[in-house]
Amino acid sequence: MDTSYWGSSFSVMLFKDALTKENLLKYYVKSETNVLYKQGIKQLEEQGFDIVGIVCDGRRGLINSFENIPVQMCQFHQVAIVRRYITKNPRMPAAIELKEVTAMMKQTDKESFEGALNEWYDRWKSFLNERTINEETGKSFYTHKRLRSAYRSLKTNLKWLFTWYDHIELEMPNTTNAIDGHFADLKNKLRNHNGLSMKRKIKFIDEFLKA
């Protein structure tokens, strides 16, 4: 499940069956909220669907909102989170290595990734704990705050990054790419129809997602 935006006040929240590739449910919403995602899962269950697993992005509070359903956090979104902290082309050796470890995520198993991440931390622990003193206030702060945040994000979300591996029998994808690609195709087609009224745009989206 994922949401795509058109401007600041119009978006589509889509729920898709990862196995059959069928679009099951969509909402036109002003903004993406955990309440709406939970509402969508509940609606699908009320319609008779058996939700055996969920793949979603890592928005705050969402991945731990479903107590009895295995949840896979999209690994692509996790890579993007790390990239936002250390940039696409980091210069510090520690950040370069963390980027390489993060890139392993999509092509390795849970134990290998966790081992590589722990090795990285052991090697750079002292560097991460370096502090800088503010000469005006005399107070200190972590020197490499963004690098620390990137590592903390990986460590915090690790529980949900390999749900597909822990529940291999469910054949869960490890990303929301099936929906992301769907949205990208939809937006490209809509660009060829610039100037559509909101009513016609919604009709276009309805037919596209139905197809």
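Our subject is the structure listed above.
Residues numbered from 1 in each chain as written. Predicted model: local features only at pLDDT ≥ 70, side-chain atom pairs only at ≥ 80, totals over all residues. Heavy atoms only, no water.

J.: Which residues make up the side chain of N174, and what values go with them?
T.: For N174, the position within the fold is in the loop between α6 (163-166) and α7 (177-191). If near-sequence neighbours (up to four positions away) are discounted, N174 is found in contact with Q72, M73, C74, Q75, K106 and W164. (Helix = DSSP H or I, 4+ residues; strand = E, 2+ residues; numbered from the N terminus. Contact = heavy atoms within 4.5 Å.)

J.: Give me the packing of aromatic side chains: which residues, what numbers.
T.: Tallying each qualifying case throughout the model produces 11 aromatic pairs. On the basis of an interplanar angle of 85° and a centroid distance of 6.4 Å, the ring pair of W6 and F183 is categorised as edge-to-face. Here the residue W6 occupies a position in the loop between β1 (2-5) and β2 (11-16), and F183 occupies one in helix α7, the gap between them amounting to 177 residues. Here the aromatic rings of W124 and F127 are separated by 5.6 Å at their centres, their planes lie at 70°, and the arrangement is edge-to-face. A residue pair is termed a helical-turn pair when its members lie 3 or 4 positions apart in one helix, as W124 and F127 do in helix α4 (residues 110-128) at three residues. Cluster of aromatic residues (ring-pair linked, three or more members): W6, F10, Y28 and F183. (Phe/Tyr/Trp six-rings, centres within 6.5 Å; stacked < 30°, edge-to-face > 60°.)

J.: Break down the sheet that holds β2 for me, with residues and values.
T.: Here we have three strands laid out as an open sheet, ordered β1-β2-β3, and antiparallel in their pairing. Of all the strands in the sheet, the pair left with one neighbour each is β1 and β3 (23-29). Across the sheet, the mean angle from the axis of one strand to that of its neighbour is 20°, orientation sign disregarded. Pairing of β1 with β2, which is carried by four bridges, proceeds in the antiparallel orientation. Residue S4 lies in a different strand from β2, and its bridge partner there is V12. On top of the sheet, helix α1 (residues 34-46) reaches β1, β2 and β3; it is set at about 145° to β3, its chief contact. (Pairing = 2+ DSSP bridges. Axes fitted to C-alpha atoms, helices over the stretch in contact; angles between N-to-C directions.)

J.: Go over the state of the cysteines with me, naming the residues and quoting the values.
T.: Considering all chains together, one arrives at zero disulfides under this definition. With no disulfide of its own, C56 lies closest to C74 among cysteine sulfurs, the gap being 8.8 Å. (Disulfide = S-S within 2.5 Å.)

J.: An account of the pairing of β2 is needed here, citing residue identities and associated values.
T.: Every other side chain in a regular strand lies on the same face of the sheet, so the side chains alternate between the two faces. Burial of β2 is extensive: six of the six residues sit out of reach of the surface. Side chains S11, M13 and F15 project from β2 onto one buried face, and the interleaved V12, L14 and K16 project onto a second face that is buried too. Pairing of β2 with β3, which is carried by six bridges, proceeds in the antiparallel orientation. When the bridges of β3 are listed, M13 appears paired with Y27. Taking the residues between adjacent antiparallel strands as the criterion, β2 and β3 are bridged by six residues, where K21 takes a positive phi near 70°. (Buried < 20%, exposed > 50% of the residue type's maximum accessible area, 1.4 Å probe, protein only.)

J.: Explain the nonpolar core to me, using residue names and the numbers behind them.
T.: One finds M1, F15, I54 and W120 to be the most contacted residues of the largest nonpolar core, which totals 45 residues. A total of seven residues in this core trace back to one element, the largest contributor, which is helix α5 (residues 145-161). When neighbours within four sequence positions are excluded, F15 is seen to be in contact with M1, E22, N23, L24, L25, Y27, L36, Y37, G40, I41 and L44. (Core = buried A, V, L, I, M, F, W, Y, C linked by side-chain atoms within 4.5 Å.)

J.: Report on unusual backbone geometry, specifying residues and quantitative values.
T.: Positive phi values are uncommon outside glycine, yet T87 reaches one of about 75°. Looking at where T87 falls in the secondary structure, it is placed in the loop between α2 (75-86) and α3 (93-104). Even without being glycine, E171 reaches a positive phi, approximately 55°. Among the secondary structure elements, E171 is positioned in the loop between α6 and α7. Given the relative accessible area of 61%, E171 is considered exposed.

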